[in-house]
Structure formats: structure tokens, C-alpha cells
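Structure at a glance
Below, each chain spelled out in residue letters.
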Amino acid sequence: MKNSKDCIRIWANHYTKLLQLCCPQRPRSFPFARSVHAHMIASGFKPHGHTLNRLIDIYCKSSKLTYACHLFDEIPNPDIVARTTLITAYSASEDIKLARNIFFATPLIMRDTVFHNAMITAYSHNHDGHAAVELFCDMRRNGFKPDNFTFTSVLGALSLVAEHERHCQQLHCAVVKSGVGFVTSVLNALLSVYVKCASSPSVVSSSLMGAAKRLFDEISEKDELSWTTIITGYIKNDDLDGAREVFDGMSEKLVVAWNAMISGYMHRGLYQEALEMFRKMYLSGLKLDEYTYTSIITACSYAGFFQHGKQVHAHVVKTETNPSPDFVLPVNNALITLYWKCGKVGAAQNVFNKMTVRDLVSWNAILSGYVNAGCMDEAKTFIKEMPEKNILTWVVMISGLAQNGFGEESLKLFNKMKLIGIEPCDYAFAGAITACSVLGSLKQGCQLHAQLVQFGFDSSLSAANALITMYARCGVVEDANSLFLTMPCVDSVSWNAMIAALGQHGHGVQAIQLFEEMLAEGIMPDRITFLTVLSACGHAGLVKEGRHYFNIMYDVYKIVPGEDHFARVIDLLCRAGKFVEAKSIIESMPSEPGAPIWEALLAGCRIHKNMDLGVTAAERLFELKPQHDGTYVQLSNIYAEAGRLADVAKVRKLMKDRGVKKEPGCSWIEIESMVHVFLVDDAVHPEVLAVYNYLDHLCLEMRKLGYVPDKKFAVRDLEYDQKDNSLSTHSEKLAVAFGLLKLPLGATVRVFKNLRICGDCHNAIKYMSKVVKRTIVVRDGKRFHHFRDGECSCGDYW
């Protein structure tokens, strides 16, 4: 008969063999281990040592930490293996606090190198690089010898925090002295430290990348990670030539290296080079993976290469017969973005509809497509169907509503986001601030500025750029300029916004001076920069300067003028009456002129009463945009000023026959956080009678100074049968009068109008500013007018 010790040994071996059958990767591992554990308890068997450690290990790897903790707590003196296992598990579950508790509760005499490795790895995985490096130093001071895994872990942690070259050098010396300087995994980790530290603003990246390259050359057995690390290092440090040199020196072309090069070219905006690299990769016979496809499809998205992107899509469908979900999801997400960026929202929706697996990126991509296409009704419906939302969802919708003219809804959505507990990011603030620009709500914009500072986003470029535009569009260009001058850093968008602000307010000379400062700072202008500069020249009548900047756009900066640039320069010339030169430029255009060109020409013809050319421009616009009311109004005005009332009647009849309705002019003003809207001949506003009475009184004072209503502008409203009354009831006059009545004495009156201000109103408001001795700012559909002491900032050139 066997003694008790033999029986215990037999049962221990039996349970050990059963537990060895448990494989953490299998779904039934945990239930089986729990059954074995239950059998131990029921039989009265008390496991020790290896058996307990095996159970803890299975529970941890099955993500059943509660079971593992209970078992660990029941052990009187858990050994170092159990402690190490639990630290590793806590690290995987991102509970660094409990991992630290176990580590520091373990006596120094029990610890070993593997135990230290587990804690260093825990710190590294939880992005606490400083704690990992500090523990590594303590480990060496306490006499524990680091091994390969120690150095790999601590170097991974160091890559998170290294900001100076000495950080790299100190660990490099430690690696060499320890005798592990020949181990590829350790050298790869050290190489990663060098290339990541090279990106730090406090180091000269070229020197560190040189050190990284020397270390790379010293690796005798380079693996895939070695090549990838050095190539991506060059790419992240904006040295594509260095990356390409290493890439071309590879004996074996690795897919991950090809992907890194394609991605590098794509992120630098070198889309043709990315496509060429993709072509060579395909011809070399390498297997293209999801990273390859997503990078090249994204490159096509940014470059607008719709046909290339479509061909890549066809290739994916043709060659990938049974793609895994990990492959399909990111590729489809990239395709959705490709199609909507290329204006094919329907195609993007088709890709989305066919997806069997979707994530939040998929939903946000389609939402972005609707917003970008201006399909806000569809976007509003779609966002309600989304199974979940993140901050990006809110940002896309808030910004989209603002950019598509739904400023009030944008602000309501921003406030709703905050009410449900989602903390806004700087991009959400930028969207809400843009909404204030649309509405002309200065008070709300100032409140958002204050909140922005409170949330710590005052150094955000996107928010600051939105603020520049907001202040400018709300008529406070001085505040926009002050903000621009005090920003800690600016980019090309900042310069463009400020140049546009000055131009809109009629400060053309200052706008040009700022543009020249931008060039002196080494900031390269883009197509938007030239649009703002040409607009500024147009608003100020700077013909010579406008010609110059239009010419150097391609000659010096190789920016091909678009139709919008041609429209700006033609508008500039036509306003100055230089129709021959304008016609010459139109004839030199590489493509058939579109509606913006003829609209600019028609506007100039109205100013200078060039009837023949104006009729030609109007006829072309009738073909291109038959439902646009502005063409009929402009042509009618030209006929009316020439006294050709029969032709005015014909235009009105044509407009009626085609079902075209003139957009009603409306003006609005914000007083005490409330927006007051006025229409022509308004009879709806509750205080409109007081406004009319005040206007009558004001008009008497204006007439004393020489004001005479110009009745020809009543004809332009196409309601000339009511011209005796219509002039005094134009919406901008009503809004200005209401502001003068309601705002404190001396306060600036800021009025916004959807259409271009009429000539009589412009003249009348000049007299108003002189009578009341106040500044009046009017933003119409084209620009700003600052009225002071009987003068306007536009110099009557608008």
C-alpha cells in the first residue's frame, strides 16, 4: 500500500498532466482548467508550487484575472514565478497600479532578472518610459544583471521619452558593456531609440540619424525589423532620399519596406512617386497587403487621381478572392474616402452598403462624404443611424453644418455635445467658431474664444485660424490682426486667413504687405494664397499689383491658375474698365470659361454701363446657369440705367417664364445675444414702426447735409412700381436704424446682409454715420464697408 506522500505525488502528476492539456489560445482552456481546479478542491487535494503557478498562468492568459487574484491571495508565500505571472497579466490589462503593488511588496531577496523584466515591460507597455528607465537603473544598482529581454524592454521604454542624444549614448554604452551588443533584437531596439529621438525638436536630427545609420551598418544579422526601422526613421525625419538609398541597398525586398516607402511618399505629397513605387512593387511579384492598398488608395484620394484609385479597386476585387476581415475593413474604408473626395458620394455609399464588417471609421467616412458634398439632410439622417459616435463624428457634423451655412444648427450641436458629457477638442471649437463667422455672431464667438482658453486649446492652430476668420467676418479686423500677431506659431492657413481678412475689409495695400512678409518668412504660397491676394487687389482697385501676382503665380511658383483665379483677375480688370485686357485673358484660358468668368465680366459691365458686352455675358450665363437670379437682376439693371425699359420688361418676363425668383434681400444685426432679421419693406419685426419713425427723423437730418435718395436703385429691385417707398425700406437701412436705436451711445453698429449693398443704401449710411457720429460696419455678400464720419473704407469702389 502506497504511503500518503506517494499518493499526493501521483495526484499532483495527474493534475499537472491535465493542466498541460490547457492551451490559452483555445476557447475551452479556461472552462477545462476551472473544472480541474474544482476537482482538486472537491477531492481535498491542496496544490502546491508548479500546479498553483500553472493554474494562475492559465487564468491570467484566459483574461480571468479575478480567479487568478483569488488563487494568488490564498497562497501563504507565493513564489517569484506566481508574482511574475501576475505582474505580466496586470500589464496586459493596463492596470499598472496593481502590477506595481505586487512588485514593491516582493522582498528584494526574492527578486530576479525575469521579475524585473516583467515590471520594466509593464511600464513600457503602459507608456511610462521614465519609470521603466528608473527601475532599470535600480535593478543594476541592486546587483541584478540585465539580459537580452531587459535591454529590449528598457530600450522600448526609452524610445518613448528620449529627447537628447546623451540618452541614446548612455544606453548604447550599457548595451556594449553588458556583452549583448551582438544580439539583433537588442540592437533593433537601440536603433529604434535613435530614430525616434531624432524626431525630438531638441536635437539635430541629422546627427542622430547618422549615428542610427552607423549602428544599422554594424548589425551583422539584419532582420526585417532592422531594415524597416532605419527606413521609417529616415521617412519620419523627412529624409526620403536617405530612406530610398537604404531601400535600394536591400538584398531582399521586404513588403513592409515597400509599404513604408509608399506611405512616405504619400505623406510628403509626392503622389506620382508613390504610384510609381506601387507599380514597381506589383511588377516585382511581391504580395500586396492591406497596408499597401490603403496607402496607395489614400494617395489617390489626396491627389484626386480618381481613375487610378478606381483601377486599384478593380485590382483588389479581381485578385483578393477570400480576403480576411483584417484586410477588407481598412481597404474599404480607404475606398470610401477615395470616392467621396473625388466627388463620387454614390460610389462611396455603394462600397459602404456592401461591407459585411464596418467600424466607426467606416461610418465617419460616409458622414464626411455627405458633409463634403453639401448633402446635409442626408448627413443629419445618417448620423441618427450611427450605432456609435466619437469626437470625430461630432467634429465632422459641427464643422459641416457651419461650412454649409447652417450656423445656428452647428452651435446647437456643439452645445448638445457638451451637455451629454463629451469634452470638445480644438477641432470642435474650430467648427463652432466657424459657425459664429457664418452668423456674424461676435458675442458668441468671443465666448467660445474664452472657453477655448479655459480648455487649454489657445495654442491650437486650427482654432486660432478659425478665430482670425471669425473676428474678421464679424467686422473686427483689428482683433483678428492682434490674434495673428500673438499666435505662438502660424502656418500658411494663418497667413491666408489674415490676408483674406485685410482684403475683405478693403485694406488691399496692407494685405499685399502681409503677403510680402509671408514670402520673406520663407512660407511658400499656395493656390488659396493667390486667391486671397487677387481678391484683396480687386476690392482695393490695385490693378497693377493684381496683374503682377497673377503672372508670378505660375512663372515663379509653378501654381497653375484655376478658373477661380481667372475669375478674380477678370473681376479686377472689369471693375477698372479694362475690358479689352479682360477679353484677352478669357481667350487665353486653357479651357472653356465657366459661369464665374462671365459673372465677373457682367458685374464689370454693369458698373461701366458696357451694354453690348454685358448682354453677351448674360446670354452665356443664361445657358450655363438658367436658374440663377443674379444674372437677370444684373442685366435688368444695365437696361434700366440705359433707359431701355422695354428690355427690362423682357428680362422680367423671361425670369417669370422660367420660374426664377429673385432672392429676397435680408439684413440682420445681433443685439444682446439675439439676432434681429429685417426684410425689405419689413412689417413683421415687433419694433419695426419705431424703426420707421426713427428713419424718417434721421432722413431729415441727412437731407440737411445733402443726402438725396437715388431712385434708380429702386428699379434694380425689379419692383419699380413701388420705387417711391422701397428705397427707405431697404433691409440694410432698417437694420442699421435698429442698431442705432438699441445699442449704447458710441457703440459700433455691425450689420450683415446676404446680397450686395445697393448704391443708395451705401450713400445713405455714409450720411447716417456723419449725423450720428458713430462707426457703422456693413458686411454684404462681397465685402465689408466701414462707415465713419460720412466716408466708407471702400472709397466708393465696390
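Thresholds applied
Residues numbered from 1 in each chain as written. Predicted model: local features only at pLDDT ≥ 70, side-chain atom pairs only at ≥ 80, totals over all residues. Heavy atoms only, no water. Helix = DSSP H or I, 4+ residues; strand = E, 2+ residues; numbered from the N terminus. Buried < 20%, exposed > 50% of the residue type's maximum accessible area, 1.4 Å probe, protein only. Core = buried A, V, L, I, M, F, W, Y, C linked by side-chain atoms within 4.5 Å. Contact = heavy atoms within 4.5 Å. Axes fitted to C-alpha atoms, helices over the stretch in contact; angles between N-to-C directions. Parallel < 35°, antiparallel > 145°, perpendicular 65-115°, else oblique. Left-handed = near helix turned anticlockwise from the far one by under 90°. Nonpolar A, V, L, I, M, F, W, Y, C, P; charged D, E, K, R; others polar. Salt bridge = Lys/Arg side-chain N within 4 Å of Asp/Glu carboxyl O. Pairing = 2+ DSSP bridges.

1. Some points on the environment of H762
Within the fold, H762 resides in helix 43 (residues 759-772). Looking at H762, the relative accessible area reads 2%, which means it is buried. For the pair formed by H762 and V778, sequence separation is 16 residues and the distance between their alpha carbons is 9.2 Å.

2. Structural notes on the nonpolar core
Within the largest apolar cluster, 210 residues are counted, with the highest numbers of intra-cluster contacts made by L155 and I231. Leave out the neighbours within four places in its chain, and I231 touches A243, V246, F247, M250, A257, A260 and M261. Ranked by size, the runner-up nonpolar core spans 32 residues in total, among them L698, F738, V749 and I765.

3. Notes on the packing of helix 29 (residues 492-504) against helix 30 (residues 508-520)
Relative orientation of the contacting elements helix 29 and helix 30 amounts to 165°, with a least axis distance of 7 Å. Classified by the angle between their axes, helix 29 and helix 30 sit roughly antiparallel to one another. Taken as a pair, helix 29 and helix 30 cross one another with a handedness that is left-handed. Of the residues in helix 30, those touching helix 29 at W495, N496, M498, I499, L502 and G503 are G508, Q510, A511, L514, F515, E517 and M518. Residues that form the contact of helix 29 with helix 30 fall into these classes: eight nonpolar, four polar and one charged.

4. Observations regarding the pattern of salt bridges
Counting across every chain of the model gives 21 salt bridges. When the shortest N-O distance is used, the salt bridge between K213 and D217 registers 3.0 Å. Separated by four residues within a single helix, K213 and D217 lie in helix 12 (residues 205-218), roughly one turn from each other. Residue R620 is joined to E623 by a salt bridge in which the shortest nitrogen-to-oxygen separation is 3.7 Å. Placement of the pair is R620 and E623 together in helix 36 (residues 611-624), with a separation of three residues, close to one helical turn.

5. A word on the sheet that holds strand 2 (residues 674-679)
The mixed open sheet is built from six strands, whose spatial order is 2-1-3-4-5-6. Two strands lie at the open edges of the sheet, namely strand 2 and strand 6 (791-792), each paired on one side alone.

6. A closer look at unusual backbone geometry
Positioned with a positive phi, S673 is a non-glycine residue whose angle comes to about 65°. Within the element layout of this structure, S673 appears in the loop between strand 1 (666-671) and strand 2. Located in the positive-phi region is K773, a residue other than glycine, with phi close to 55°. Tracing the backbone shows K773 in the loop between helix 43 and strand 4 (776-779).

7. Looking at the packing of helix 7 (residues 113-125) against helix 8 (residues 129-141)
Where helix 7 meets helix 8, the closest approach of the two axes is 8 Å, and the angle between their N-to-C directions is 165°. In terms of orientation, helix 7 lies roughly antiparallel with respect to helix 8. For helix 7 against helix 8, the interelement crossing comes out left-handed. The residues of helix 8 that touch helix 7, namely those facing T113, H116, N117, M119, I120, Y123 and S124, are A131, A132, L135, F136 and M139. Of the residues assigned to the contact of helix 7 with helix 8, the class counts are eight nonpolar, four polar and no charged.

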